[in-house]
Amino acid sequence: MPEVYVPMTVLAVLLIIYFALGFVIAKRTLFRKGKNNQQAIESERASGISEDEIFYSPSKTLQTRSKDNLLLSADLFLCKEKSEKWVITIHGYLSQNMTMAKYAKMFNDFGYNVLATELRNSGKSQGNYYSFGYKEKEDCLNWITFLQENFQVKHLGLFGISMGAATVIMTAEKCEKVDFAISYCSYSSFRAIINHQVGKQMGGFFKICYPAVSLASLILTGLKSWEIKPEKSIAGVKCPTLIMHSKKDEFTPYTQSVAIHQGNKNTYLHLFEEGRHARAYSANREEYIKTVQKFLEKVEENFFEN
């Protein structure tokens, strides 16, 4: 073999390995299945959630179709007294909406009906992969339309956790019908969360794989990763927005929520001292509920003014 072909061969092999790694990371990240019902119950119990909250029962299960014809599911939690105030909740990555029952109870106590949606590829909803908010925001917009066509909706808010929080921000950017948004432990961008997790699990050197992961995600699912940037989307959000995060979150660093807040100084930022990823409610229940309550009180002042 002529000497000139040796470095070219080595380069070709390295490129194959590089893009193969990107495809492996993308597939392992996007094509995962979340907790089943029993796993969700056990996870809630382990985090100290009470039985009453775990089994706080929805009144009805609803379904709709996504733009790409997936059957999507949601649970309806109605207030005891009639209300035209609503919250759509969106759970996180690898989770399901059973874990949102405790939040549904919280919002019901505040006088809001709750539509607890189930992400594609989760629980009772169809789908084979997550898109980290890229397609989920369209699903959320679909649920907003569904809700307004089938119920009396005077005021509407969005509440999301982790991937659901990122979805909330990107949805609120696109929809002026939203009166408020609450984001808990969102990532600032697809790139930021992928690089953080790759660095944590494989070592910082492997962050160089991100371009390959981005390309693989596009090829495998049509996901345009460069558009998944809550830290940029927040600038276009006009409604009051509460951004929360736990300082001890190791899965998604709280600095990513700080970056989102910095993208729109009209947002409210609250950082919890305790609590792992998506666990501030169980670690700081009183603080969590009071933070949401105070935010809603500010929001509702605008309801009466308008």
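Look a little higher up for the structure.
Residues numbered from 1 in each chain as written. Predicted model: local features only at pLDDT ≥ 70, side-chain atom pairs only at ≥ 80, totals over all residues. Heavy atoms only, no water.

### Remarks on the layout of surface pockets
To keep it simple, the criterion reads: Here a cavity denotes a set of grid points, spaced 1 Å apart and computed over the protein atoms alone, in which a 1.4 Å probe fits but from which it cannot get out, and a pocket denotes an open set meeting protein on both sides within 12 Å along at least five of seven lines; residues with an atom within 4 Å of a point are reported as lining. Grid points are joined across faces, edges and corners, and a volume is the space filled by probe spheres set on the points. Segments assigned H or I by DSSP are reported as helices when at least four residues long, segments assigned E as strands when at least two residues long, and all are numbered from the N terminus. Three residue categories are used. Nonpolar comprises Ala, Val, Leu, Ile, Met, Phe, Trp, Tyr, Cys and Pro, charged comprises Asp, Glu, Lys and Arg, and polar comprises the others, including Gly.
As a volume, the largest pocket reaches approximately 850 Å³. When residues in the lining of the largest pocket are grouped by element, the largest group, six residues, is from helix H7 (residues 190-202). Partitioning the lining of the largest pocket into residue classes produces 14 nonpolar, ten polar and nine charged.

### Describing empty space enclosed by the protein
Under the definition given, this model contains one cavity of 30 Å³ or more. As a volume, the largest cavity reaches approximately 90 Å³. Taken together, Leu72, Ile88, Ile90, Thr117, Glu118, Leu119, Arg120, Glu136, Asp139, Cys140 and Trp143 make up the full set of residues lining the largest cavity. Broken down by secondary-structure element, the contributors of at least two residues to the lining of the largest cavity are strand E3 (85-90) and helix H5 (136-150). Considering every element that reaches the lining of the largest cavity, the biggest residue donor is H5, with four residues. Among the residues forming the lining of the largest cavity, the class breakdown is six nonpolar, one polar and four charged.

### What to know about the side chain of His91
Heads up, the condition is: Under the scheme applied here, a residue whose accessible area is under 20% of the maximum for its type counts as buried, over 50% as exposed, and between as partly exposed, the area being computed with a 1.4 Å probe on protein chains only.
Locating His91 in the fold gives a position in the loop between E3 and helix H4 (101-109). Overall, His91 belongs to the buried group, its relative accessible area being 0%.

### Focus: the sheet that holds strand E4 (residues 113-117)
Where we set the bar: By definition, two strands form a pair when at least two bridges between them are found by DSSP. Axis angles are defined between N-to-C directions and span 0 to 180 degrees, where every axis is a line fitted to C-alpha atoms and, for a helix, only to the segment in contact. Residue contacts follow a heavy-atom distance rule, with two residues in contact if any of their heavy atoms lie within 4.5 Å.
Ordered by their spatial adjacency, eight strands build an open sheet running E1-E2-E4-E3-E5-E6-E7-E8, and the pairing between neighbours is mixed. Edge strands, defined here as strands with exactly one partner in the open sheet, are strand E1 (60-65) and strand E8 (268-272). The sheet shows a mean angle of 20° between the axes of neighbouring strands, direction not considered. The strands that H5 touches are E1, strand E2 (71-77), E3, E4 and strand E5 (155-161); relative to E1, the one it contacts most, it runs at about 120°. On the sheet, helix H10 (residues 255-262) packs against strand E7 (241-246) and E8 and is oriented at approximately 160° with respect to E7.

### Section: the environment of Val237
By the secondary structure assignment, Val237 is in the loop between helix H9 (230-233) and E7. Aside from chain neighbours lying at most four places away, what touches Val237 is Ile169, Ala172, Glu173 and Asn264.

### Considerations on H10
Defined as follows: The arc refers to the directions leading from the helix axis to the C-beta atoms.
Buried within H10 are the following residues: Gln256, Ser257, Ile260 and His261. Seen end-on, H10 carries its buried residues on one side only, within an arc spanning 145°. Buried residues along H10 sit against helix H6 (163-174), H7, H9, E7 and E8.

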